[in-house]
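Remarks on the overall topology
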Amino acid sequence: MVRVKICGLRRPEDVEAAVAAGADALGFNFWKSGPRYIEPQEAARIIAHVPPAILTVGVFVDETLETVQTIAEQTGIQALQLHGTESPEYLERLGPFLRIKALKVNAAFRPEQLRAYRSASLFLLDGSVAGMHGGTGQPFDWSLAEQAKAYGKIILAGGLTPENVAEAVRRVRPWGVDVASGVERQPGVKDARLVREFIQAARAADAQERGSDATARPASAIRGS
């Protein structure tokens, strides 16, 4: 079943709403220049109350390995999502974490680029906006995501909302979907109703494709299965 990740979380009440709505993964942004940045200490306090079955993901942009490892240890995150120009060798040195390599889909993007990142557990494909690393709210040509599935498991991001996520799931059949700005009132402030509607729409579309129960949580979490 399609997994759903709610990203750019900063407030405990938003995490609680995402958990209650059935999210499979929660993303915390440790890129200091981003509008959804959260201090590691605050993230640690929030993550301590997240059910263990839900994957917690740290989002980084061209950070040093030492800083990534320190924040991971401090916060208890289980997966690392890399949105910068990190090399394949960088990913290989990250240690025993689930590794999500994010790639901007722009005019220069080619699905075969994914081949280089052999140690990546998952690939997140996002829209491209100059100066932004994730949370762009910018959609892209989903046919490129369909092609990229030949090279690994794909999390589809970029401009997804409760209104279009069902179509995205039906067309792309991604391993997972990711949303930040599409369920927000403002950057870093989620709308609980939109979070519920997004997850319900993704689940319903997935269930229609599979002929299964739309309300069921995936049998396995987002942990690379």
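The structure this text deals with has already been given above.
Computed from a predicted model, the values in this text were never measured in an experiment. Residue positions are given per chain, counting from 1 as you read along its sequence in written order. The model is predicted, so local features are restricted to residues of pLDDT at least 70 and side-chain atom pairs to those at 80 or more, both for listing and for counting; the totals for chains, interfaces and linings are taken over all residues. Heavy atoms throughout the structure, all of them, feed into the side-chain values; hydrogens and water do not.

**A short note on the overall build of the protein chain**
Where we set the bar: Secondary structure elements are defined from DSSP: runs of H or I of at least 4 residues count as helices, runs of E of at least 2 residues count as strands, and each element is numbered from the N terminus. Exposure is judged per residue with a 1.4 Å probe applied to protein chains only, and the accessible area is read against the type maximum: over 50% gives exposed, under 20% gives buried, and values in between give partly exposed. The criterion used for residue contact is that any of the two residues' heavy atoms lie within 4.5 Å. Accessibility throughout is a Shrake-Rupley quantity obtained with a 1.4 Å probe, and a residue counts as covered only by protein chains that appear here.
Per the secondary structure count, the protein chain includes seven helices and ten strands. Per-residue burial over the protein chain gives 54% buried out of 225 residues. Contacts in the protein chain between residues far apart in sequence, at least 24 positions, make up 59% of those at least 6 positions apart. When the accessible surface of the protein chain is summed, it comes to about 9600 Å², and 49% of that surface belongs to carbon and sulfur atoms.

**Describing the side chain of lysine 190**
We apply this condition: Distance and chemistry together define a polar contact, namely a pair of N or O atoms within 3.5 Å, with one atom able to donate a hydrogen and the other to accept it when in protein, and with adjacent residues in sequence counting only for side-chain atoms on both sides.
Summarising the element assignment, lysine 190 is placed in strand 10 (residues 189–190). Since its relative accessible area comes to 2%, lysine 190 is described here as buried. Among the polar contacts made by the side chain of lysine 190, one reaches the side chain of glutamate 184 at a distance of 2.7 Å.

**Observations regarding helix 6 (residues 165–172)**
Our working definition: As used here, the arc belongs to the directions running from the helix axis to the C-beta atoms.
Here helix 6 has its buried residues at Val165, Ala166, Ala168, Val169 and Val172. Looking straight down helix 6, one finds that the buried residues subtend no more than 165 degrees of arc, so they occupy a single side. Looking at the packing, one finds that the buried side of helix 6 touches helix 5 (142–148), strand 7 (154–156), strand 8 (176–179) and helix 7 (192–210). Just downstream of helix 6 lies arginine 173, where phi reads positive at about 50 degrees.

**What about the packing of helix 1 (residues 12–21) against helix 7?**
The following threshold applies: Angles shown run from 0 to 180 degrees and are taken between the N-to-C directions of axes, each axis being a line fitted to C-alpha atoms and, for helices, limited to the stretch in contact. Any angle that falls under 35 degrees is termed roughly parallel, while one over 145 is termed roughly antiparallel, one within 65 to 115 roughly perpendicular, and all others oblique. Each crossing is labelled by how the near helix is turned from the far one, with a counterclockwise turn of less than a right angle marking it left-handed and a clockwise turn marking it right-handed. Amino acids outside the nonpolar list (Ala, Val, Leu, Ile, Met, Phe, Trp, Tyr, Cys, Pro) and the charged list (Asp, Glu, Lys, Arg) are all regarded as polar, and Gly is one of them.
In contact at an axis separation of 9 Å, helix 1 and helix 7 are set at 30 degrees when each is read in the N-to-C sense. Classed by the angle they form, the pair helix 1 and helix 7 counts as roughly parallel. Taken as a pair, helix 1 and helix 7 cross one another with a handedness that is right-handed. Contacts from Ala17, Ala18 and Ala21 of helix 1 reach helix 7 at Ala192, Val195, Arg196 and Ile199. Class assignment of the residues belonging to the contact of helix 1 with helix 7 gives a composition of six nonpolar, no polar and one charged.

**A short note on the environment of valine 195**
Among the secondary structure elements, valine 195 is positioned in helix 7. Note on valine 195: relative accessible area 2%, which makes it buried. Excluding its chain neighbours within four sequence positions, the residues that come into contact with valine 195 are Ile6, Ala17, Ala18, Ala21, Val183 and Lys190.

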